[in-house]
Amino acid sequence: MAIMIKTAQEIEKMRISGKALRQVHNAIAPHVVPGASTMDLEEIAVKKIAELGAIAAFKGYHGFPAALCTSVNNEVVHGMPNAKRILAEGDILSIDCGVIIDGYYSDAAVTYPIGRVSAETTKLLEVTKSSLEKAIEKCQVGGRLGDISAAVQELCEAEGFGVVREFVGHGIGRAMHEDPQVPNFGAAGKGPRLKAGMVLAIEPMINAGGPEVRVLKDGWTAVTIDGSYSAHFEHTVAITKDGPQVLTR
């Protein structure tokens, strides 16, 4: 495992990328409403990324066709925008996006309720988002990677939710996926030591039901095996001597 340590200057470049990515998410958010198609949101993202002078990190990555991953309801990750996929009241939608500026990547995801959703679904979103914040708190110099993983697993499983095993977070920098992998499950006190200059994309993927998933015939879209809803939140986080810095806030 070759974990890349970033300089302060590199982290600053990643912060610029992260701030641009947040502007993309902010441009999309008001349009995540009943009646919108996932392709409508893709078009907004593509336009905003171009305005910012950024590059869509996902488009073309291993052949992925879009700037956004748009995953609806029981879709966990890597759903593809589609003009025929119309959002309806009670749905949830994960929007995952990455951009590149000056050669540096940023990556972030948000899961939105579409109109009014059930109390169980609201809890799923709240707990998943909270687990990301708990994980970020563990990004401390001298800690262990397992501290981050355990923070997600312990909170989500205590609430009865399933923690996805097949997809994990990752290091990020001049490549979208760098070492180390950042699972959402594991034991505190285990794994590589956390050092200043590490930058991680931390992304809990949590199911309302069991943790098992499968990938559809399109080769991309992962869904829950039991049909339960799935939530996904992600930030790009720098570990510094002064504590964690969220670059995509």
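Please read all numbers here as calculations on a predicted model, not as lab measurements.

1. As for the overall build of the protein
Counting its secondary structure elements, the protein contains 4 helices and 15 strands. A compact globule built from 249 residues would reach a C-alpha radius of gyration of about 18 Å, and the protein, at 17 Å, matches this within 12%. For the protein, contacts bridging at least 24 residues in sequence account for 71% of all contacts bridging at least 6. Accessible area of the protein: about 10,500 Å², with a carbon and sulfur share of 53%. Here the protein contributes 25 positive and 29 negative side-chain charges, whose respective centroids are spaced 4 Å apart.

2. Observations concerning the sheet that holds strand β11 (residues 213-215)
Taken in spatial order, the 3 strands line up as β3-β12-β11 in an open sheet, and their pairing is antiparallel. At either margin of the open sheet sits one strand with a lone partner, and together these are β3 (75-77) and β11. Here the strands of the sheet are splayed against their neighbours by 40 degrees on average, with no regard to which way each runs.

3. A closer look at the nonpolar core
In summary, soluble globular proteins display a tendency toward joint burial of nonpolar side chains. One finds Val 32, Ile 148 and Ile 202 to be the most contacted residues of the largest nonpolar core, which totals 51 residues. Those residues in contact with Val 32 that sit more than four places away from it in its chain are Leu 41, Leu 87, Leu 93, Ile 95, Tyr 112 and Ile 114.

4. Observations regarding the layout of surface pockets
Vacant regions in the atomic arrangement are exposed by a probe of water-molecule size rolled over the atoms. In this structure, the largest pocket occupies an estimated 430 Å³ of space. Taken together, 23 residues make up the lining of the largest pocket; nearest its centre are His 78, Val 168, His 170, His 177 and Glu 203. Those elements that provide at least two residues to the lining of the largest pocket are β7 (169-171) and β8 (178-182). Considering each element in turn, the lining of the largest pocket owes the most residues, 3 residues, to β8.

5. Thoughts on the pairing of strand β9 (residues 199-202)
The side-chain alternation of β9 yields two buried faces, one formed by Val 199 and Ala 201 and the other by Leu 200 and Ile 202. Where β7 and β9 come together, 2 bridges link them in antiparallel fashion. Among the inter-strand pairings, Gly 171 is bridged to a residue of β9, identified as Leu 200. In terms of strand pairing, β9 meets strand β14 (residues 235-240) through 4 bridges, oriented antiparallel. Paired with Val 199 across the bridge in β14 is Ala 238.

6. Examining the pairing of strand β2 (residues 68-72)
β2 sits mainly inside the fold: 5 of its 5 residues count as buried. Taking every second residue as pointing to the same face, both faces of β2 are buried, with Leu 68, Thr 70 and Val 72 on one and Cys 69 and Ser 71 on the other. In the sheet, β2 pairs with strand β4 (residues 92-101) via 5 bridges, with the strands oriented antiparallel. Within the sheet, the bridge partner assigned to Val 72 lies in β4 and is Leu 93.

7. Considering the UniProt feature "binding site: a divalent metal cation 2" (unreviewed entry) in the protein
Per the UniProt annotation, the sites labelled "binding site: a divalent metal cation 2" (unreviewed entry) are Asp 107, His 170, Glu 203 and Glu 234. A maximum C-alpha distance of 10.7 Å is found for the annotated residues, which run over 128 residues; spatially they form one tight group. Set against the largest pocket, the annotated residues named above that line it are Asp 107, His 170 and Glu 203. Note on placement: His 170 falls in strand β7. Residue contacts for His 170: discarding those within four places in its chain leaves Asp 107, Met 176, His 177, Glu 178, Pro 180, Gln 181, Val 182, Val 199, Leu 200, Ala 201, Glu 203 and Glu 234. Within the secondary structure, Glu 203 is located in the loop between β9 and β10 (205-207). Overall, Glu 203 belongs to the buried group, its relative accessible area being 7%. Leaving out residues up to four positions away in the same chain, Glu 203 has contacts with Asp 96, Val 168, Gly 169, His 170, Asn 184, His 232, Phe 233 and Glu 234.

What counts and what doesn't
Residues numbered from 1 in each chain as written. Predicted model: local features only at pLDDT ≥ 70, side-chain atom pairs only at ≥ 80, totals over all residues. Heavy atoms only, no water. Helix = DSSP H or I, 4+ residues; strand = E, 2+ residues; numbered from the N terminus. Rg over C-alpha atoms; globule rule 2.2 N^0.38 Å. Contact = heavy atoms within 4.5 Å. Areas by Shrake-Rupley, 256 points an atom, 1.4 Å probe, with all protein chains shown as cover. Lys, Arg positive; Asp, Glu negative; His and termini not counted. Charge placed at Lys NZ, Arg CZ, Asp CG, Glu CD. Pairing = 2+ DSSP bridges. Axes fitted to C-alpha atoms, helices over the stretch in contact; angles between N-to-C directions. Core = buried A, V, L, I, M, F, W, Y, C linked by side-chain atoms within 4.5 Å. Buried < 20%, exposed > 50% of the residue type's maximum accessible area, 1.4 Å probe, protein only. 1 Å grid on protein atoms, 1.4 Å probe; cavity = no way out; pocket = protein on both sides within 12 Å on 5 of 7 lines; lining within 4 Å. Points joined across faces, edges and corners; volume = space filled by probe spheres on them. UniProt positions renumbered as here; feature names shortened; annotations may be inferred.

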